[in-house]
Amino acid sequence: MANLKDIQRQIKSVSNTQKTTRAMKLVSTAKLRRAEELARRSRLYADKMNQVIAEIAGRIKCSKVGGIENRCFNTIENPKMVDIVFVTADKGLCGGFNIQTIKAVKKLLKEYKEQNVKVRLRGIGKKGIEFFNYNEVEMFDTVLNLSSKPDKVRSDKFIATSIEDYKDGKIDALHVVYNGYKNMITQELHVNKVLPVDTESFECDQDQHTSMLEVEAQDEEKMLDSLVNKYVEYNMYYSLIDSVAAEHSARMQAMDTATNNAKEMVKSLNVEFNKARQAAITTELIEIISGVESMK
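Residues numbered from 1 in each chain as written. Predicted model: local features only at pLDDT ≥ 70, side-chain atom pairs only at ≥ 80, totals over all residues. Heavy atoms only, no water.

S.K.: A description of the pattern of salt bridges should follow, citing residues and the corresponding values.
M.R.: Tallied over the full model, the rule gives eleven salt bridges. Put simply, K25 and D256 hold a salt bridge, and the shortest N to O gap is 3.0 Å. One end of the pair, K25, is in helix α1 (residues 4-63); the other, D256, is in helix α6 (residues 220-295), and 231 residues separate them in sequence. Taking relative accessible area as the criterion, K25 reaches 26% and is therefore assigned partly exposed. Look at D256 and you get partly exposed, because its relative accessible area is 27%. Across the salt bridge formed by E37 and R41, the nearest N and O atoms sit 3.5 Å from each other. With E37 and R41 both in helix α1 and four residues apart, the pair spans about one turn of that helix. Owing to a relative accessible area of 33%, E37 belongs among the partly exposed residues under this scheme. (Salt bridge = Lys/Arg side-chain N within 4 Å of Asp/Glu carboxyl O. Helix = DSSP H or I, 4+ residues; strand = E, 2+ residues; numbered from the N terminus. Buried < 20%, exposed > 50% of the residue type's maximum accessible area, 1.4 Å probe, protein only.)

The structure is reproduced here in structure tokens:
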């Protein structure tokens, strides 16, 4: 039977841990509400931008002989080099949030390796960067303190390299991998091929294309090129916003589970403490009775 003081020490330690995890859960809940609202507004903007690009690109695709000339809209059949950008958290204690993204990146790396395609791995977030550095996976570049505090200027600067290199023909595809927010209890893994832009869904309904925008035919390609930059930049920024909301959601769940486990452990330790105390009292009584009997 464990010593009473040892059990008391354990109960105090676990109770302190329970207080910490409960506080972390409350903090994550408060942060999640703000991040959730920001993600919702950002999604509306991203959807509208995608709609504008679809209209202009669809108009060019249907009316111009040869279709869209812009490289950002043309699939490269045999890619030689691709960029993979991943987003993980800068901190842990959020369950399997980071490992899901890391597994998706590893799968993508394996697929391209089997196709003999070179990959430039670009990392955002301390946890993912530490994992690939530990496993000696070569990384093209990394950035810290961006996934936890999404910043549009820093995000644009980071992704600009991939945009320019794609336009210059140095890379043939751009993937963004991150764990996004679905609801309070669920995260959704995203493996998005941002470049080239998927044109399969662009339709040739001329009435639909002219419903939103009136653009001169000679300006369409120029405007499309400008919009592509904003499209990729905002997709990167939205990935950060969506990821941080999912991170708070995952941490809230993890801390809730930890708090409940600590509560159960305290209960178990209290039962053990009571049993040990009863055993100690029983032993003392037996010793007293035995002493009295021996004196008769």
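S.K.: Can you break down the sheet that holds strand β1 (residues 81-87) residue by residue, with the values?
M.R.: Pairing in this open sheet of five strands is mixed, and the strands run β3-β2-β1-β4-β5 from one edge to the other. Either end of the sheet is taken by a strand with one partner, and the two such strands are β3 (141-143) and β5 (186-195). For this sheet, the mean angle separating the axes of adjacent strands, direction not counted, is 20 degrees. Its contacts with the sheet place helix α2 (residues 97-114) against β1, β2 (118-124), β4 (174-183) and β5, and it is angled at close to 150 degrees to β4. (Pairing = 2+ DSSP bridges. Axes fitted to C-alpha atoms, helices over the stretch in contact; angles between N-to-C directions. Contact = heavy atoms within 4.5 Å.)

S.K.: Tell me about the packing of α2 against helix α3 (residues 126-134), and please be specific about residues and values.
M.R.: Where α2 meets α3, the closest approach of the two axes is 10 Å, and the angle between their N-to-C directions is 45 degrees. The angle between α2 and α3 falls in the class oblique. Relative to α3, the crossing made by α2 is right-handed. Where α2 approaches α3, its residues N98, I102, V105, K106 and L109 are matched on the opposing element by K127, G128, F131 and F132. A per-class count over the contact of α2 with α3 returns five nonpolar, two polar and two charged. (Parallel < 35°, antiparallel > 145°, perpendicular 65-115°, else oblique. Left-handed = near helix turned anticlockwise from the far one by under 90°. Nonpolar A, V, L, I, M, F, W, Y, C, P; charged D, E, K, R; others polar.)

S.K.: So what's going on with the packing of aromatic side chains? Residues and values would help.
M.R.: For the coordinates displayed, the defined rule picks out four aromatic pairs. Ring-pair connections join several aromatic residues into one group, and the members of that group are Y45, Y234 and Y237. Looking at R120, its charged tip hangs above the ring of F140, at a distance of 4.1 Å from the centre. Positioned over the ring face of F158 is R122, at 4.1 Å from the centre of the ring. (Phe/Tyr/Trp six-rings, centres within 6.5 Å; stacked < 30°, edge-to-face > 60°. Lys NZ or Arg CZ within 6 Å of the ring centre and 35° of its normal.)

S.K.: Talk me through α3; I want residue IDs and the actual numbers.
M.R.: Every buried residue belonging to α3 is among G128, I129 and F132, and all of these are buried. Projected down its long axis, α3 carries its buried residues within an arc of 100 degrees, all on one side. Buried positions along α3 lie against β1, α2, β2 and β3. (Arc of directions from axis to C-beta.)

S.K.: Go over the nonpolar core with me, naming the residues and quoting the values.
M.R.: Ranked by size, the top nonpolar core spans 35 residues in total, and within it V85, I124, L195, V232 and M236 carry the most contacts. When contributions to this core are tallied by element, the ones reaching two or more residues are α1, β1, α4 (152-167), β4, β5 and α6. Contacts of I124, omitting those with residues within four sequence positions, involve V85, F86, V87, T88, V143, L146, S147, F158, M236 and L240. (Core = buried A, V, L, I, M, F, W, Y, C linked by side-chain atoms within 4.5 Å.)

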